[in-house]
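Chain by chain, the residues:
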Amino acid sequence: MPELPEVETIRRQLAPHLDGRTIVTARILDPRWTRPEAPAAVEAELSGAQVMRVNRVGKYLVWSLSGERYLLMHLRMTGTLLFDPIAPPPHTRVLFDLEDGHRLVYVDPRRFGTGHVVHGTAARDAYLSARLGIEPLTPEFTAAHLRELARERTAPVKAFVLDQRRIAGVGNIYADEALFRAGIHPLRPAGRLSAGDWTRLRDGIEQALSAGIEAKGASIDDFRHLDGARGSFQDLFLVHRRAGRPCPRCGRTIRKIVVGGRGTYVCERCQPRPRRRSARLSAMRDPGGVPAPGAEPARS
Ligand SMILES: [Zn+2]
């Protein structure tokens, strides 16, 4: 699934072709893309509109259109954009015919991607803020802000990092890479991280995302550039998808575990497991105490 660096790569490639250009006609071949809007209504909004600028917020591409309208595009699992492909590729969902005869094609085999047009900045901001938390690589993305968001959270820190309503744009690849860079085990409860942990994690997230942008994204699945080329960040992964291989920092074998249902890669020397307060430990601390919930009854 494209994450922040992949969507940013597309945005950077798209901008020179779209900024200031007019969409002559848009044809939506799959009604799922605009649901619950009717495709014809969205086609009418897009056809004849001038693209003022293409931005990115989290994993969304935000096209600013003439008339204070915004196309909010999410690529989800397998969406890609291709500029001037030789022939219409399989799984084409949307065709944008641009002025000067150029064509932009939206392709999406799994069909989870979406496109919505909203009117005015207030509607745009409401749409995005309902779905997205703080944006990495901006001045608001501070360790103190993250720590405040995570206060009292008992969920594993990886699940916290993946939650788009808290941190925008980070998915499975960059969460693993960021936690490794920070030396933090993905299963640690988010609310238990110290101020120092959050500083390292903030830095780790931004370093991993920046490295991904620099390598023009990771192509481990369907992600392709505008011209069909692949990104190269998959060749630079430190731990993600590297189970059984040595940790680049300490040499211990990288393990694959499951956190919140997601395959997760970790070096358990560089990222120590959270200490569990086992029933035995609690009993040692408080010999007369009630066993912790879920603890096995003591044998007599
Ligand atoms: Zn290591």
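Going by the structure above, here's the rest.
Undergrad: Summarise the sheet that holds strand 5 (residues 80-83); cite the residues concerned and give the values.
TA: Think of a sheet as strands paired side by side through backbone hydrogen bonds, with each pair either parallel or antiparallel. Spatially, 1-6-7-5 is the arrangement adopted by the 4 strands of the open sheet, whose pairing is antiparallel. The open sheet has two free edges, formed respectively by strand 1 (23-28) and strand 5, since each of these has just one partner strand. Looking at each pair of strands side by side, their axes are set apart by 15° on average, direction ignored. Alignment of strand 5 against strand 7 (residues 103-107), held across 4 bridges, turns out to be antiparallel. Across the sheet, residue Leu82 finds its bridge partner in strand 7, namely Val105. The strands that helix 1 (residues 4-18) touches are strand 5, strand 6 (92-98) and strand 7; relative to strand 5, the one it contacts most, it runs at about 40°. Packing against the sheet, helix 2 (residues 39-46) makes contact with strand 1 and strand 6, and its axis sits at approximately 165° to strand 1.

Undergrad: How would you explain the pairing of strand 8 (residues 114-119) if you had to name every residue and give the values?
TA: For strand 8, the buried fraction is high: 5 of the 6 residues fall into the buried class. Judged from the 6 bridges that link them, strand 4 (residues 69-74) and strand 8 form a sheet pairing that is antiparallel. Counted as the bridge partner of Tyr70 is Val118 from strand 8.

Undergrad: Now, about the coordination of the zinc ion: what can you tell me, with residues and values included?
TA: The coordination sphere of the zinc ion contains the protein donors Cys247 (SG), Cys250 (SG), Cys267 (SG) and Cys270 (SG), at a distance range of 2.2 to 2.4 Å. For the zinc ion, the 4 donor atoms in the first shell make angles of 99 to 116° at the metal, so the coordination geometry reads as tetrahedral. On the primary sequence, the residues serving as donors to the zinc ion are separated as C-x2-C-x16-C-x2-C. With Cys247 in the loop between helix 7 (195-214) and strand 9 (255-259) and Cys267 in the loop between strand 10 (262-266) and helix 8 (279-285), the pair connects residues that are 20 residues apart, well separated along the chain. A residue is classified by how much of its surface remains accessible, and Cys267, at 0% relative accessible area, is buried.

Undergrad: Help me get a handle on the packing of aromatic side chains, residues and values and all.
TA: Two aromatic rings, taken as a pair, are described by how far apart their centres are and by the angle between their planes. Under the defined criterion, the tally for this structure stands at 7 aromatic pairs. Between Trp33 and Phe96, the aromatic rings sit 6.5 Å apart at their centres with planes inclined by 75°, giving edge-to-face as the arrangement. Pair noted here: Trp33 is in the loop between strand 1 and helix 2 and Phe96 is in strand 6, with a separation of 63 residues, a long-range link. Of the residues examined, Trp33 reaches a relative accessible area of 2% and is grouped as buried. Considering the side-chain rings of Phe160 and Trp198, the 5.6 Å spacing of their centres and the 65° angle between planes classify their relative orientation as edge-to-face. Taken together, the positions of Phe160 in helix 5 (residues 157-162) and Trp198 in helix 7 put the pair 38 residues apart, joining distant regions of the chain. Overall, the relative accessible area of 4% leaves Phe160 in the buried class. On the accessibility criterion, Trp198 (1% relative accessible area) is buried. Of the aromatic side chains, those joined through ring pairs into one cluster are Trp33, Trp63, Phe96 and Tyr106. Between the NZ or CZ atom of Arg124 and the centre of the ring of Tyr70, over which it lies, the distance is 4.7 Å.

Undergrad: Which residues make up the side chain of Arg69, and what are the values?
TA: In this structure, Arg69 sits in strand 4. In terms of polar contacts, Arg69 uses its side chain to reach the backbone carbonyl oxygen of Ser66, at 2.9 Å. Non-local contacts of Arg69, meaning those with residues more than four positions away in its chain, are made with Glu45, Ala49, Trp63, Ser64, Val117, Val118 and His119.

Undergrad: Tell me about the sheet that holds strand 2 (residues 51-57), and please be specific about residues and values.
TA: As summarised here, the arrangement of the 4 strands in space is 2-3-4-8, forming an open sheet in which the pairing is antiparallel. Looking at which strands have only one partner, the edges of the open sheet turn out to be strand 2 and strand 8. If you compare each strand with its neighbour and ignore which way they point, the axes differ by 20° on average.

Reading guide: rules and limits
Residues numbered from 1 in each chain as written. Predicted model: local features only at pLDDT ≥ 70, side-chain atom pairs only at ≥ 80, totals over all residues. Heavy atoms only, no water. Pairing = 2+ DSSP bridges. Helix = DSSP H or I, 4+ residues; strand = E, 2+ residues; numbered from the N terminus. Axes fitted to C-alpha atoms, helices over the stretch in contact; angles between N-to-C directions. Contact = heavy atoms within 4.5 Å. Buried < 20%, exposed > 50% of the residue type's maximum accessible area, 1.4 Å probe, protein only. Donors = N, O, S within 2.8 Å, 3.2 Å for Na, K, Ca; no water. Tetrahedral: all angles 85-135°; square planar, octahedral: opposite > 155°, others 65-115°. Phe/Tyr/Trp six-rings, centres within 6.5 Å; stacked < 30°, edge-to-face > 60°. Lys NZ or Arg CZ within 6 Å of the ring centre and 35° of its normal. Polar contact = N/O pair within 3.5 Å; in protein donor to acceptor, adjacent residues only side chain to side chain.

Interpretation note: all reported values are geometric properties and have no functional meaning in isolation.
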